[in-house]
Amino acid sequence: VGKKVQAIYLWWHKPVVDKELLQSLPNLKVIANSGVGMDHLDLKLVASFGVKMANAPRAVSSATADTGMALLLASARRLVEVHHIAISPSMEYCEADILGVRVAGATLGIIGMGSIGYKIALRAKAFEMNILYHNRTRRKVQEEQVVGATYCKKIDSLLQQADFVMLVVSLTPQTHKLIGKRELELMKPTATLINISRGAVVDQEALVAALQAGVIRAAALDVTSPEPLPRLDHPLLKLKNVIVTPHLGIKTDKACYMITEEAVENILAALSGLPLPSEVLPS
């Protein structure tokens, strides 16, 4: 049926789009992705076959921002740890051993202030947080004022000041291992790293070492490299100061429905020869 296929809807990176698949689909016009990140696609290869590409930015931003704030709050109040204490048969603990950290008045550093990052800032403002952000381009002054955000031109300045650092960037050659040993050592020893972007944005070995040595307080990770982590022996899964979730980002019933609607909208536009609402071009 290869000659009949004109569109592909990628759900969770499947099917794998490689040269062999593209050669087998001579009438393919568009690939619509179920999410924002496109790092699983060779954009230049796809474009070389005359195939258009689209993602789903409108559908995912709110759900992903919710996930980021949920991880921040869960780590701050050590919810996973205290859940296990609460359901243990003995229920013996010292209250001083389960103290969390205050969120209101704390400083959140957002690395990546696109649509998701901005919605995180809106949520953080409601929690009375001070907001710093680092982005390739600065937001408009009016947008900064709405959320009370301060722009950090250099990432180092943000890392040195933030109590919580949240990663909301796309995975590119420039952001691969953006946070490594040097960056972790710039952070406060009381700081928490939250990653809702891609696992490879963080040097995972450096992160494990930093968490074990107390270089930073904690980490909350919705993404890892690889996904899932090897469950039996990966050190991240043995640390009490780490929360790992299985890439929950967009996974709500409403968001998944909206993603499909957005993908269909892009596919129908491509098949009708119209501009794609969410077209992604190779860089």
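As the structure is a computational prediction, the values presented were derived from the model and not from experiment. (Residues numbered from 1 in each chain as written. Predicted model: local features only at pLDDT ≥ 70, side-chain atom pairs only at ≥ 80, totals over all residues. Heavy atoms only, no water.)

Participant: When you look at the domain arrangement of the protein chain in this model, what are you seeing that I'm missing?
Facilitator: Put simply, an interface is often sized by how much accessible area is lost when its parts join up. For the protein chain, the domain assignment lists domain 1 (2–55 + 252–280) and domain 2 (61–244). Computed from C-alpha coordinates alone, the two centres of domain 1 and domain 2 are separated by 31 Å. (Domains from an automatic or database assignment.)

Participant: Where do I start with the UniProt feature "domain: D-isomer specific 2-hydroxyacid dehydrogenase NAD-binding" (unreviewed entry) in the protein chain in this structure?
Facilitator: In this structure's numbering, the residues bearing the UniProt feature "domain: D-isomer specific 2-hydroxyacid dehydrogenase NAD-binding" (unreviewed entry) are residues 69–249. A distance of 11 Å separates the end C-alpha atoms of residues 69–249, which is 33% helix and 15% strand. (UniProt positions renumbered as here; feature names shortened; annotations may be inferred. Helix = DSSP H or I, 4+ residues; strand = E, 2+ residues; numbered from the N terminus.)

Participant: Help me understand the pattern of salt bridges in this model?
Facilitator: Pairing of side chains with opposite charge becomes possible as their charged atoms draw close. Enumeration over the complete set of coordinates arrives at 11 salt bridges. Among the ionic pairs, Arg138 bridges to Glu144, the shortest N-O distance being 2.8 Å. The exposure class of Arg138 is exposed, given its relative accessible area of 51%. Since its relative accessible area comes to 7%, Glu144 is described here as buried. When salt bridges that share partners are traced, they join Arg58, Glu262 and Glu265 into one network. (Salt bridge = Lys/Arg side-chain N within 4 Å of Asp/Glu carboxyl O. Buried < 20%, exposed > 50% of the residue type's maximum accessible area, 1.4 Å probe, protein only.)

Participant: In this structure, what is going on with the layout of surface pockets? I would like to understand it.
Facilitator: A probe matching the size of a water molecule, rolled over the atoms, marks out where space remains unfilled. Looking at the second largest pocket, its volume works out to about 330 Å³. Going through the elements one at a time, helix 3 (57–76), helix 4 (79–87), strand 9 (218–221) and strand 10 (242–244) are the ones with two or more residues in the lining of the second largest pocket. Per element, the largest residue contribution to the lining of the second largest pocket is five residues, and it comes from helix 4. (1 Å grid on protein atoms, 1.4 Å probe; cavity = no way out; pocket = protein on both sides within 12 Å on 5 of 7 lines; lining within 4 Å. Points joined across faces, edges and corners; volume = space filled by probe spheres on them.)

Participant: Which parts of the structure should I look at to understand the nonpolar core?
Facilitator: In globular proteins that are soluble, nonpolar side chains generally tend to be buried together. Within the largest apolar cluster, 34 residues are counted, with the highest numbers of intra-cluster contacts made by Leu72, Leu108, Ile110, Ile120 and Phe164. Elements with a contribution of two residues or more to this core: helix 3, strand 4 (107–111), helix 5 (115–126), strand 5 (130–134), strand 6 (149–151) and strand 7 (164–167). For this core, the element with the highest residue contribution is helix 3, accounting for eight residues. Leaving out residues up to four positions away in the same chain, Ile120 has contacts with Ala65, Met69, Leu108, Ile110, Met166, Val168 and Ile196. (Core = buried A, V, L, I, M, F, W, Y, C linked by side-chain atoms within 4.5 Å. Contact = heavy atoms within 4.5 Å.)

Participant: Please clarify how the side chain of His247 should be interpreted in this entry.
Facilitator: With respect to the secondary-structure elements, His247 resides in the loop between strand 10 and helix 10 (253–271). Beyond its immediate sequence surroundings of up to four residues, His247 is in contact with Trp12, Arg198, Asp222, Val223 and Glu227.

Participant: Just checking my understanding: could you explain the packing of helix 3 against helix 10 for this structure?
Facilitator: Axes are the key here: two packed helices are described by the angle between their axes and the distance separating the axes. Between helix 3 and helix 10, the least distance of the axes is 8 Å, while the angle of their chain directions is 165 degrees. If you check the angle between helix 3 and helix 10, you find them roughly antiparallel. Relative to helix 10, the crossing made by helix 3 is left-handed. Residue-level inspection shows Pro57, Arg58, Ala59, Val60 and Ala63 of helix 3 in contact with helix 10, the latter providing Ala255, Met258, Ile259, Glu262 and Glu265. Its residues assigned to classes, the contact of helix 3 with helix 10 shows seven nonpolar, no polar and three charged. (Axes fitted to C-alpha atoms, helices over the stretch in contact; angles between N-to-C directions. Parallel < 35°, antiparallel > 145°, perpendicular 65-115°, else oblique. Left-handed = near helix turned anticlockwise from the far one by under 90°. Nonpolar A, V, L, I, M, F, W, Y, C, P; charged D, E, K, R; others polar.)

Participant: What exactly am I supposed to notice about the sheet that holds strand 4 here?
Facilitator: Strand pairing in a sheet relies on backbone hydrogen bonds, with the paired strands running either antiparallel or parallel. Pairing in this open sheet of seven strands is parallel, and the strands run 6-5-4-7-8-9-10 from one edge to the other. Pairing within the sheet leaves two strands with one partner each, and these edge strands are strand 6 and strand 10. Going across the sheet, the axis of each strand differs from the next one's by a mean of 15 degrees, ignoring polarity. Pairing of strand 4 with strand 5, which is carried by five bridges, proceeds in the parallel orientation. (Pairing = 2+ DSSP bridges.)

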